[in-house]
Amino acid sequence: MSVEQKYDVIVLGAGIVGVSAANHLLRKGKRVALVDRREAGEETSHGNLGVIERDGFVPITFPTNLSAILKYALNRETEMHFHLGALIKMLPWLWSLKKASSPERIKKFAETISVVEAKAVGAHRDLARGAGAEHFFRDTGWVRFFRTEKSFAGLKDHLEFSDTYGAPYEILTAQELQEIEPHIAPVFHRAIWWKDTQSVASPGNVTKAYAALFSNSGGEFLIGDAKSLKQNDDGTWSVETEAGQISAKDVVVALGPWSMDILKPLGYSFPFAIKRGYHQHFAPRGNKTLSRPIVDSDFGYAVSPMDQGIRLTTGIEFADREAPPSPVQLERATKIAREVFPLGEAVEDEPWKGQRPCFPDSLPIVGPAPRHKGLWLDFGHGHVGFTIGPITGQLMAEMVCGEEPFTDPSPYSATRF
Ligand SMILES: Cc1cc2nc3c(=O)[nH]c(=O)nc-3n(C[C@H](O)[C@H](O)[C@H](O)COP(=O)(O)OP(=O)(O)OC[C@H]3O[C@@H](n4cnc5c(N)ncnc54)[C@H](O)[C@@H]3O)c2cc1C
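The text that follows walks through the structure, step by step, so that each part is easy to find.

**Some words on the overall build of the protein chain**
For the protein chain, the helix and strand inventory stands at 13 helices and 22 strands. Here the C-alpha radius of gyration of the protein chain, 21 Å, is about what a compact globule of 417 residues would show, namely 22 Å. Of all intrachain contacts in the protein chain linking residues separated by at least 6 positions in sequence, the fraction that spans at least 24 positions is 78%.

Quick look at the structure:
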């Protein structure tokens with residue numbers, strides 16, 4: 001019979017969120033086990049756009065006018081798609097989203113997120129240095145373009161927040177953008193180039209490199225099913241792994257879109273939803289190049305240069321997590337994107353599908369579970385998990401270790417719902 005291994009902390013989930021928390025806990029002298037059912041960085045943290053946002057001050061909100069609601073209701077848009085059954089189940093969540101979409105709440109969100117986003121690039125670079133992963137990083141910023149004067153005018157608040165919270169940007173005409181991205185067609189009215197945002201050429205490999213840093217620094221990475229989590233009579237937590245049962249006083253749930261799979265059986269209920277998204281890679285035609293992520297704001301898709309080719313990522317799909325893929329947005333976006341950048345053949349036969357783990361206020365939960373001692377929650381990073389995974393990993397580690405957190409953790413508390 002194998003002897004149960006004891007740790008100070010077990011981190012469940014080896015996406016960017018769990019891997020980052022595990023590294024920070026290790027640095028603070030904790031004995032840490034990181035558990036996943038597969039290798040690190042192979043789910044949502046693999047397939048995203050790889051952008052580390054400095055300027056994500058405006059949350060995803062509910063449409064404010066009837067014409068926008070009617071437009072989405074037809075289900076023919078590129079930026080949003082839904083499965084009707086899933087949308088109906090999500091009505092209470094959408095109602096919470098509507099409440100979180102007031103101007104006051106958006107202002108509060110910007111104030112909160114600006115603190116962590118200001119540290120996000122530094123937190124990544126710090127891990128990347130230790131992990132030998134700096135070659136994945138680009139400091140070329142990112143660009144959002146707007147096809148009409150009207151859509152550009154919708155950016156007013158975003159630019160004001162950028163001024164308030166110190167995220168430098170430049171407003172470009174189509175001709176000016178061509179000076180830095182010569183192969184982007186001049187199909188738009190104005191573009192914004194946010195200069196302090198960074199991006200990576202392989203978010204999955206960056207996450208894997210941080211996991212290797214954890215293992216090489218004395219952490220234990222184990223394959224196991226988080227659903228085996230149980231609390232023992234003495235209050236410690238145990239999980240079954242391929243190396244046998246392990247236990248610890250503290251456990252961090254960082255299972256992204258799967259977090260509620262283990263929290264529901266423990267009696268927790270949060271307004272949590274997933275928003276699916278797709279990507280596909282394309283070879284650039286001829287010797288055409290792209291140097292940074294570019295977002296076509298009016299159609300809600302993005303393209304970015306990756307190790308595998310030009311990655312095209314889609315907007316939001318409201319569908320059940322396990323429902324078969326329905327990549328209609330990808331098909332629509334690819335047609336539009338071909339008029340913007342000379343995309344060649346698709347690299348893979350099938351697109352990738354992932355799911356963003358989302359709360360209606362666009363902030364994750366980072367902090368203690370309200371009813372179980374030693375249970376910590378670190379999930380729900382939504383559209384910016386790759387950006388803020390490392391810095392919220394620091395916040396989580398500070399809280400688990402009983403240290404003064406670098407920022408007020410109350411906006412991230414589980415008790416806000
Ligand atoms: C199309 C798209 C584009 C995006 N672009 C960006 C972007 O440019 N910038 C940005 O900041 N964010 C972006 N995001 C969001 C970002 O990818 C996510 O917020 C982030 O990856 C979430 O990380 P995570 O570690 O919480 O989850 P994940 O990476 O999904 O990790 C969860 C882990 O839990 C493991 N797991 C699940 N169940 C179990 C179990 N029972 N037992 C053991 N292990 C289990 C999984 O194997 C997985 O490794 C994008 C998302 C999508 C879908």
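We are not done yet, so read on.
**Description of the pairing of strand β14 (residues 273-284)**
Residues in a regular strand project their side chains so that they alternate between the two faces of the sheet. With nine of its 12 residues buried, β14 lies for the most part within the structure. Sheet analysis places β14 next to strand β20 (residues 352-358), joined by seven bridges and oriented antiparallel. Within β20, the position partnered with His 279 by the bridge is Trp 352.

**Describing the site of the ligand**
Among the 41 residues in the neighbourhood of the ligand, the closest are listed as Gly 15, Leu 49, Gly 256, Gly 277 and Gly 385. Counting only elements with at least two residues in the shell around the ligand, the list comes to α1 (16-27), α2 (44-47), β14, β20 and α13 (385-400). Counting residues per element, the shell around the ligand draws most heavily on α13, at four residues. The residue makeup of the shell around the ligand, split by class, is 14 nonpolar, 19 polar and eight charged.

**Section: unusual backbone geometry**
One non-glycine residue, Asn 75, lies in positive phi territory at about 60°. Here the phi dihedral of Ser 362 falls at roughly 65°; this positive angle occurs in a residue that is not glycine. Note on placement: Ser 362 falls in the loop between β20 and β21 (365-368).

**Considering the nonpolar core**
Among soluble globular proteins, nonpolar side chains are generally buried collectively. Counting residues in each nonpolar core, the largest one holds 114 residues, and the members touching the most others are Ile 10, Val 11, Leu 12, Leu 34, Val 251, Val 252 and Val 253. Top contributing element to this core by residue count: helix α6 (residues 103-131), with 10 residues. Residues within four places of Leu 12 in sequence aside, it is in contact with Gly 18, Val 35, Ala 226, Leu 229, Val 251, Val 252, Val 253, Ala 254 and Leu 255.

**A word on the sheet that holds strand β9 (residues 198-200)**
An order of β3-β9-β5 is seen for the three strands of this open sheet, with the pairing classed as antiparallel. Every other strand in the sheet has two partners, leaving β3 (51-52) and β5 (137-138) as the edge strands with one partner each.

**A short note on α13**
Ile 391 marks the point of greatest bend in α13, at about 35°. Buried residues dominate α13, accounting for 14 of its 16 residues. Backbone geometry just after α13 places Gly 402 at a positive phi near 70°.

**Quick look at the environment of Glu 43**
Counting through the fold element by element, Glu 43 comes out in the loop between β2 (32-36) and α2. Along the chain, Glu 43 and Gly 244 lie 201 residues apart, while their C-alpha atoms are 24 Å from each other.

**Quick look at α1**
For α1, which comprises 12 residues, the first-to-last C-alpha distance of 17 Å matches the rise-based estimate of 16 Å (1.5 Å per residue) to within 8%. Within α1, 11 of the 12 residues are buried, which leaves it mostly tucked inside the rest of the structure. In the stretch just after α1, Gly 29 is the one whose phi turns positive, near 90°.

**Looking at the packing of α1 against helix α10 (residues 203-216)**
The N-to-C vectors of α1 and α10 enclose an angle of 25°; their axes lie 9 Å apart at closest approach. In terms of orientation, α1 and α10 fall into the roughly parallel class. When the axes of α1 and α10 are compared, the crossing they make is left-handed. Together, Ile 16, Val 19, Ser 20, Ala 22, Asn 23 and Leu 26 of α1 and Thr 207, Tyr 210, Ala 211, Leu 213 and Phe 214 of α10 make up the contact between the two elements.

**Points about the pairing of strand β16 (residues 301-306)**
Counting buried residues along β16, six of its six residues qualify, which places the element largely inside the surrounding structure. Of the two faces of β16, the one lined by Tyr 301, Val 303 and Pro 305 and the one lined by Ala 302, Ser 304 and Met 306 are each fully buried. Two elements, strand β15 (residues 294-296) and β16, share three bridges in a ladder whose sense is antiparallel. The residue of β16 that forms the bridge with Asp 296 is Tyr 301.

**Remarks on the packing of α1 against α13**
The contact between α1 and α13 brings their axes to 7 Å, and the two run at 40°. Pair α1 / α13 crosses with right-handed handedness. Every residue of α13 that contacts α1 at Ile 16, Val 17, Ser 20, Ala 21, Asn 23, His 24 and Leu 25 is listed here: Gly 385, Phe 386, Gly 389, Pro 390, Thr 392, Gly 393, Gln 394, Met 396, Ala 397 and Val 400. In terms of residue class, the contact of α1 with α13 is built from nine nonpolar, eight polar and no charged.

**Description of the environment of Ala 319**
Within the element layout of this structure, Ala 319 appears in the loop between β18 (316-318) and α12 (328-338). Once the C-alpha coordinates of Ala 319 and Gln 355 are considered, the two residues, 36 residues apart in sequence, prove to be 9.6 Å apart. When near neighbours in sequence (up to four residues on either side) are disregarded, Ala 319 contacts Phe 82, His 83, Ala 86, Arg 276 and Ser 326.

**Comments concerning the environment of Leu 395**
Mapped onto the elements, Leu 395 comes out in helix α13. Here the alpha-carbon distance between Leu 395 and Asp 408, two residues 13 residues apart in the chain, equals 9.6 Å. For Leu 395, the residues in contact, after removing those within four places along its chain, are Val 366, Pro 405, Phe 406, Thr 407 and Pro 409.

Thresholds, definitions, all that
Position numbers for residues start from 1 in each chain and track the written sequence from start to end. The model is predicted, so local features are restricted to residues of pLDDT at least 70 and side-chain atom pairs to those at 80 or more, both for listing and for counting; the totals for chains, interfaces and linings are taken over all residues. Here a strand is any run of E in DSSP of at least two residues, a helix any run of H or I of at least four, and the numbering for each starts at the N terminus. In this description the radius of gyration comes from C-alpha coordinates, and the expected globular size is given by 2.2 Å times residues to the power 0.38. Throughout, a pair of residues is in contact if the C-beta atoms placed from their backbones lie within 7 Å. Burial in this document is a count-based property: other C-beta atoms within 10 Å of a residue's C-beta are tallied, and the residue is buried at 20 or more, exposed at 12 or fewer, or partly exposed in between, with C-beta positions derived from the backbone. Two strands are counted as paired when DSSP detects at least two bridges linking them. Whether a residue is near a molecule or strand depends on its C-beta atom, placed from the backbone, lying within 6 Å of it. Gly counts as polar in this scheme, as do all residues outside two lists: the nonpolar Ala, Val, Leu, Ile, Met, Phe, Trp, Tyr, Cys and Pro, and the charged Asp, Glu, Lys and Arg. Among buried residues, those of type Ala, Val, Leu, Ile, Met, Phe, Trp, Tyr and Cys that are joined through C-beta atoms within 7 Å form a set called a nonpolar core. The angle separating two fitted axes, one through the seven residues that finish at a residue and one through the seven that start at it, defines the bend at that residue. To estimate the expected span of a helix, subtract one from its residue number and multiply by 1.5 Å. Between N-to-C directions, angles span 0 to 180 degrees; the directions come from axes that are lines fitted to C-alpha atoms, helices contributing only their stretch in contact. An angle counts as roughly parallel when it lies under 35 degrees, as roughly antiparallel when it exceeds 145, as roughly perpendicular when it falls between 65 and 115, and as oblique in every other case. In this scheme, a crossing is called left-handed if the near helix is turned counterclockwise away from the far one by less than a right angle; it is called right-handed if the turn is clockwise.

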